[in-house]
Every structure is written in C-alpha cells, then in structure tokens.
Amino acid sequence: MPDITIKPEHLVIVFILFAMLWEVFAGRTRDGRKTREDWNMALLTGAAMVAVQRPALVLATAFIGGLLVPQWQGALSEFAAANFWWVLLAYIALEELLHGVGHWFAHARRPKSKNAQRLQTLFKMGHRPHHLSGGNDGKGQLTVTQTFVEHWLWWFIMPNYWFQFFCVYLGLTEVFLVGTVFKGLWAAHNHVNWNYDLYFLNHRWAWVRKTMYGLCHILTFPTQHHHHHARGKNSGSNLCNLLAIYDWLIFDSLVIEKEKPAIYGWKQSPEEERSIWYRFFATDLKKLA
C-alpha cells in the first residue's frame, strides 16, 4: 500500500506553479493572452477552494453520512487495502464519469422541463467563469491557472465532488488521495498554454499520426481541452478532463482538431469584464435562463 503523507493539492499546486512560471518566461501570458482579471480570479478561486469549499464538502459529507448511514463509515477501508489498484481504477472511472455528466449538463441544450431548466441555469452559472479567458478582444488564451477557476457554487452542485468525499467517508482515503493527485495533475496539464500533442497529430510519419489520433479517443490531451475553451462550436466538446472515451462513446462530444483554437474564451458582459467579484458571486439567473 502506498504511503501517502502529503495532501493531494500540494503536488497539483507545485505543478501549476512550475507551469505558470514556464508560461510567464515563455511569453505565453503577454499581449492580452492573460488579463489582470484572469490572475486575480485564479487567486480568488484557489484560495476559496482550499479554505472554504473543500473543507465545507468534507464536513457536509461526514454529517450527511453520519445522519443517514453511520454504519457505512470506514466500511470499505479493508476492502480497499486488499484491492487498492482495482479500487483506484474504479474510483477514477466513476469520478470522471460523474464529472462528465455534470459538465455535459452545464453545456447541454435547454431541457423542456421547467425544473430541469432551473437546475441547468445553476450549472451554467457555476461553470461560466471557467470559460472567461482574456477579454472580449479575442486575444485571451488558456493558461494553467485557469484549471480551478469556477463560480463558488460549482463545487457544491457537481456530483463528482460529493462522490469524492463520500468515498473518504467510506474509508477510501488513500484511494481518494492518489486518484485526486492523478486527476488533478492531468487536468492541470490540459490547461497549460502548450499544444505538444499537435506535434504528434501532424507528424510526417503516418503511424505516429494514427497512433496519436487513436490515443485521443481514450485520453484527453491539451489541444482537445483547449478547443473546449474555444469561442465557437467546439466549446461544447471534449467534456472530460481525463477519459476521452466517455466523450467518444457516451456524450458524443469528442472533437480532435489538428491546430489550436483561433479564439479562446466566451464573450463577457460589462460586469464580468470589470469585476472578479461579480464573476465569482453572480446570482442573476435570468441572464442565463
């Protein structure tokens, strides 16, 4: 059994910091690619995630679990210890699927049911800040510090986050730690302002191009996720951070392009352009209905 003595966000934060420094020194944040609001939003959401949202979810899942199923607390710890790697694979697969479902709902067409419409509006509001990169001039690009930028509500409505911490309640603490590190690192790497996968997708050797094209049906690579952040038809594609096989076989949202997006980031309202507080705390649901 792996001896985990470090919190998962530490490794992810270290990666984000190194990738951020690379972006800065490589010039990937200059000339409007990243605005002051982008930097400030990353600081605000990162601090809130660590200090408020994650602790609140830990307490909430422990309280609900203790109230409804107290006998389940730690119930799977011995099973996980005996079958760690299989449980880890199952955890990652289920967590990614639940993330994909919530993410798909945030981008899906408007449902017919009034109640479903109201619920979807919450998901749209929760996810919208993640797609606000740069300004309305179209110069903005995706950077690694955008990885965890969301509205404060996002953490409390996405089913995968509740699943994560309920697994901790069930005794899968080490599975949660390893799975969170792996998924967090992969998600962060997909947000870095690089497109190394295009080298392989456009390689002069056909077998390299075909192999990479096949891998893009299984795993999500940076350019796939960059197109999810594009301004245009591809912004509803490539919904999964890790397992593109769900985009391919379940959500029918897989898009594999052989060049980076022309324009990143959704158009912003005047309030969104001026205020990170508006982005983070916006409550005007009618604008998104």
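One can find the structure itself at the top, above this paragraph.
Counting from 1, residues in each chain are numbered in the order their sequence is written. Residue-level local features of this predicted model are given only where pLDDT is at least 70; pairs of side-chain atoms are given and counted only at 80 or more, and the full residue set underlies all totals for whole chains, interfaces and linings. Calculation of side-chain values draws on the structure's entire complement of heavy atoms; hydrogens and water are dropped beforehand.

(A) Representation of the nonpolar core within the structure. As used in this record, nonpolar core signifies buried Ala, Val, Leu, Ile, Met, Phe, Trp, Tyr and Cys residues forming a set joined through side-chain atoms within 4.5 Å. Only protein chains enter the area calculation, which uses a 1.4 Å probe; residues under 20% of their type maximum are buried, those over 50% are exposed, and those in between are partly exposed. Counting residues in each nonpolar core, the largest one holds 38 residues, and the members touching the most others are Phe 123, Trp 154 and Val 175. If you list the elements that add at least two residues to this core, you get helix 2 (36-68), helix 4 (84-107), helix 5 (114-127), helix 6 (154-157), helix 7 (159-169), helix 8 (173-191) and helix 9 (197-201). In terms of residues, this core owes the most to one element, helix 4, which gives 7 residues. Working rule for contacts: check all heavy atoms of both residues, and any pair within 4.5 Å makes them a contact. Apart from the residues within four sequence positions on either side, Phe 123 is in contact with Gly 102, Phe 105, Ala 106, Trp 154, Ile 157 and Met 158. Numbering goes from the N terminus for both helices and strands, where a helix is a DSSP run of H or I of at least four residues and a strand is a run of E of at least two.

(B) Representation of the packing of aromatic side chains within the structure. Centres within 6.5 Å are what make two rings of Phe, Tyr or Trp a pair, Trp counting through its six-membered ring; a difference in plane orientation under 30 degrees is then read as stacked, over 60 as edge-to-face, and the rest as tilted. Scanning the entire structure with this criterion turns up 17 aromatic pairs. Ring centres of Trp 155 and Tyr 161 lie 4.1 Å apart, and the angle between their planes is 15°; this geometry places the pair in the stacked category. Each member of the pair, Trp 155 as well as Tyr 161, carries the same accessibility label: buried. Within the aromatic cluster, the residues linked to one another by ring pairs are Trp 104, Phe 105, Phe 123 and Trp 154. Here, a charge over a ring means that NZ of Lys or CZ of Arg falls within 6 Å of the ring centre while also lying within 35 degrees of the ring normal. The positively charged end of Lys 34 is found above the aromatic ring belonging to Trp 39, 4.9 Å away from the centroid.

(C) Structural view of a nonpolar patch on the surface. Side chains of Phe 63, Ile 64, Leu 67 and Leu 68 sit close together on the surface and give an oily, nonpolar patch of about 460 Å² of accessible area. Position of Ile 64 among the secondary structure elements: in helix 2. A patch is a set of surface residues, each over 30% in relative accessible area and not in a salt bridge, joined within 9 Å for like charges and within 5 Å for the nonpolar side chains Val, Leu, Ile, Met, Phe, Trp and Tyr. Every accessible area reported is derived by Shrake-Rupley at a probe size of 1.4 Å, with residue values counting cover from the shown protein chains alone. Between Lys or Arg on one side and Asp or Glu on the other, a salt bridge is scored when a side-chain nitrogen of the former is within 4 Å of a carboxyl oxygen of the latter.

(D) Structural detail: the side chain of Thr 220. Among the structural elements, Thr 220 can be located in the loop between helix 10 (206-215) and helix 11 (222-228). Polar contact is the term for a pair of N or O atoms within 3.5 Å; when the atoms are in protein, one must be able to donate a hydrogen and the other to accept it, and sequence-neighboring residues count only if both atoms are side-chain atoms. A polar atom in the side chain of Thr 220 sits 2.9 Å from the backbone oxygen of Cys 240. What Thr 220 contacts, discounting residues up to four positions off in sequence, is Trp 186, His 189, Asn 190, His 225, Cys 240, Asn 241, Leu 242, Leu 243, Ala 244 and Asp 247.

(E) Layout of the packing of helix 4 against helix 5. To get an axis, a line is fitted to the C-alpha atoms, and for a helix only the part in contact is used. The angle between two axes follows their N-to-C directions and goes from 0 to 180 degrees. Direction vectors running N to C along helix 4 and helix 5 enclose 100°, while the axes themselves pass 8 Å from each other. The angle between the axes of helix 4 and helix 5 places the two elements in the roughly perpendicular class. Within the contact between the two elements, helix 4 uses Gly 102, His 103, Phe 105, Ala 106 and His 107 and helix 5 uses Ala 116, Leu 119, Gln 120, Phe 123, Lys 124 and His 127. Taken together, the residues of the contact of helix 4 with helix 5 sort by class into 5 nonpolar, 5 polar and 1 charged. Should an angle fall under 35 degrees it is called roughly parallel, over 145 degrees roughly antiparallel, and 65 to 115 degrees roughly perpendicular, with every other angle called oblique. All residues other than Ala, Val, Leu, Ile, Met, Phe, Trp, Tyr, Cys, Pro, Asp, Glu, Lys and Arg, Gly among them, are scored as polar; the first ten of these are nonpolar and the last four charged.

(F) Spatial organisation of the environment of Ala 80. Along the polypeptide, Ala 80 turns up in helix 3 (residues 77-82). On the accessibility criterion, Ala 80 (5% relative accessible area) is buried.

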